[in-house]
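Take a look at the letters that make up each chain.
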Amino acid sequence: MHKTSSYLLALAAVCIGVSCNKSSDSSSDEESGNWIKRSSFGGAQRTEAASFVIGDTAYVGTGYDGENRLKDFWLYNADGNTWQQRAVFRGTARNSAVGFSANGKGYIATGYDGVNKLKDVWRYDPSSNSWDQMNDFAGSARYDAAAFSIADKGYITTGYADLETGGSGNVKDCWQYNPGSDSWTEKNNFGGDKRNSAVVFVYQDKAYLCTGTASSTLNDFYAYDPSTDTWTEKRKIANISDESYDDDYSDIIRSNAVAFTLGDYAYISTGTNGSNTTKTWRYHFADDTWSRKTPFEGSSRGGAVAFVVKNRAFVTMGSSGSSYFDDIWEFNPDQTQNDDDN
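The paragraphs below set out a description of the structure included in this document. (Residues numbered from 1 in each chain as written. Predicted model: local features only at pLDDT ≥ 70, side-chain atom pairs only at ≥ 80, totals over all residues. Heavy atoms only, no water.)

## Structural notes on the overall build of the chain
Along its length, the chain carries one helix and 33 strands. The C-alpha atoms of the chain give a radius of gyration of 19 Å, which matches the 20 Å a tight globule of 342 residues would have. Overall size of the chain, expressed as C-alpha extent along the three principal axes, is 50 × 45 × 35 Å. A total of 342 residues make up the chain; the buried ones form 56% of that total. When the accessible surface of the chain is totalled, it reaches about 13,200 Å², and 39% of it is carbon and sulfur. Computed over 32 positive and 45 negative side-chain charges, the inter-centroid distance for the chain is 4 Å. (Helix = DSSP H or I, 4+ residues; strand = E, 2+ residues; numbered from the N terminus. Rg over C-alpha atoms; globule rule 2.2 N^0.38 Å. Buried < 20%, exposed > 50% of the residue type's maximum accessible area, 1.4 Å probe, protein only. Areas by Shrake-Rupley, 256 points an atom, 1.4 Å probe, with all protein chains shown as cover. Lys, Arg positive; Asp, Glu negative; His and termini not counted. Charge placed at Lys NZ, Arg CZ, Asp CG, Glu CD.)

Written as structure tokens, this is what we have:
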């Protein structure tokens, strides 16, 4: 969600005038990027966990293993390719929560405990390996929201929530968290349709939100600038133009996927659109277009988590039907696909 890194890649789409065209050889596109299997997660197999990154360390926990909601929390050391268990999450066991980091601390908020939607907020301090309860999220209780952080502020938007009018439904309100004052401020609503299970990624102090589901999966795409509190629509992730650049964009549409930023590009992978997918796409910030990359090489799944540490991207956990996963895969977009790495 709130991930930055420094790979510098060449643009795969070249724009001439106002027309952008993808590579004519989609098979070669799908061999661009290498998935490398790493040490499996230290805890139980699970889906819809929450994660955040503090410095060069990723933290992952909570989630659902098919029978129980979980509270264990783990850190991943990318250099050593090792997992280490940390203090157990002190809130109610849950899945479909959000995680973000701000001011050197990690936060877990919202989620679902099997009966109730949640709005409590918990802060993790890596120096003391301890959890503290903070002020509740100021929006309505929800799960499957999207979260990100920019300039040491956290943000939560969208999700499946309790409604003021009664009942439950998708929402698109947006809230900013100030860790200094432990307070929430409502910002302008997300610019697109109400939804849950969207992805969000951050680049140059702007957040980009797309995918997700309402009564159907969605194809709108918006960028948020916190300096002006404005949402700006980007090109839709659907084949709606007369040009060829978006002919295959229907493959991008999905829910419960993962997304991350590496250098001047963002990536989206896994998720569900009718069935689970492994299709992986790269977003070009420079010209607002997408191109195919090597599909995720683990089992197809929804409910995975992704994080970036030390300019390295990882995807782990998730589920497919009654199968739950604990494998972790590193994605290197500069390498050619190599099955011998797995």
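Picking up after the structure, the text goes on.
## Structural notes on the pairing of strand 17 (residues 174-178)
Counted residue by residue, strand 17 has four buried out of five residues, so it is predominantly covered. Here strand 14 (residues 153-157) pairs with strand 17 via four bridges, running antiparallel. Bridge pairing in strand 17 places Tyr 155 opposite Gln 176. Bridging between strand 17 and strand 18 (residues 183-187) involves five bridges; their strand directions are antiparallel. Bridge pairing in strand 18 places Trp 175 opposite Glu 186. The turn joining strand 17 and strand 18, which pair antiparallel and follow one another in sequence, is formed by four residues; a positive phi near 50° is taken by Asp 182. (Pairing = 2+ DSSP bridges.)

## Here's the deal with the side chain of Lys 117
Here Lys 117 lies in strand 10 (residues 117-125). Among the polar contacts listed, one links the side chain of Lys 117 to the side chain of Asp 162, at a separation of 3.1 Å. Engagement of the side chain of Lys 117 in a polar contact is seen with the side chain of Ser 168, the distance being 2.6 Å. In this structure, Lys 117 is in contact with Gly 111, Tyr 112, Ala 141, Arg 142, Tyr 143, Tyr 160, Ala 161, Asp 162 and Ser 168, ignoring residues within four places of it in sequence. (Polar contact = N/O pair within 3.5 Å; in protein donor to acceptor, adjacent residues only side chain to side chain. Contact = heavy atoms within 4.5 Å.)

## Comments concerning the pattern of salt bridges
Taken as a whole and judged by the stated rule, the model has 14 salt bridges. Salt-bridge contacts for Glu 233 lead to Lys 236; the nearest nitrogen and oxygen are separated by 3.0 Å. Taking the relative accessible area as the measure of exposure, Glu 233 reaches 39% and is therefore partly exposed. Classification of Lys 236 as partly exposed rests on a relative accessible area of 29%. Here Arg 301 and Asp 327 are joined by a salt bridge, their closest N and O atoms 2.7 Å apart. One end of the pair, Arg 301, is in the loop between strand 28 (289-293) and strand 29 (305-309); the other, Asp 327, is in the loop between strand 32 (323-324) and strand 33 (328-336), with 26 residues separating them in the sequence. Judged on exposure class, the residue Arg 301 and its partner Asp 327 are both buried. When salt bridges that share partners are traced, they join Arg 38, Arg 312 and Glu 330 into one network. (Salt bridge = Lys/Arg side-chain N within 4 Å of Asp/Glu carboxyl O.)

## Observations concerning unusual backbone geometry
Unusually for a residue other than glycine, Asp 144 sits at a positive phi of about 55°. Of note, Asp 144 is situated in the loop between strand 12 (142-143) and strand 13 (146-150). Positive phi outside glycine occurs at Asp 152, with the angle close to 60°. Within the secondary structure, Asp 152 is located in the loop between strand 13 and strand 14. For Asp 152, a relative accessible area of 43% corresponds to the partly exposed category.

Note that every value here comes from positions in space, so none of it alone points to a role or purpose.
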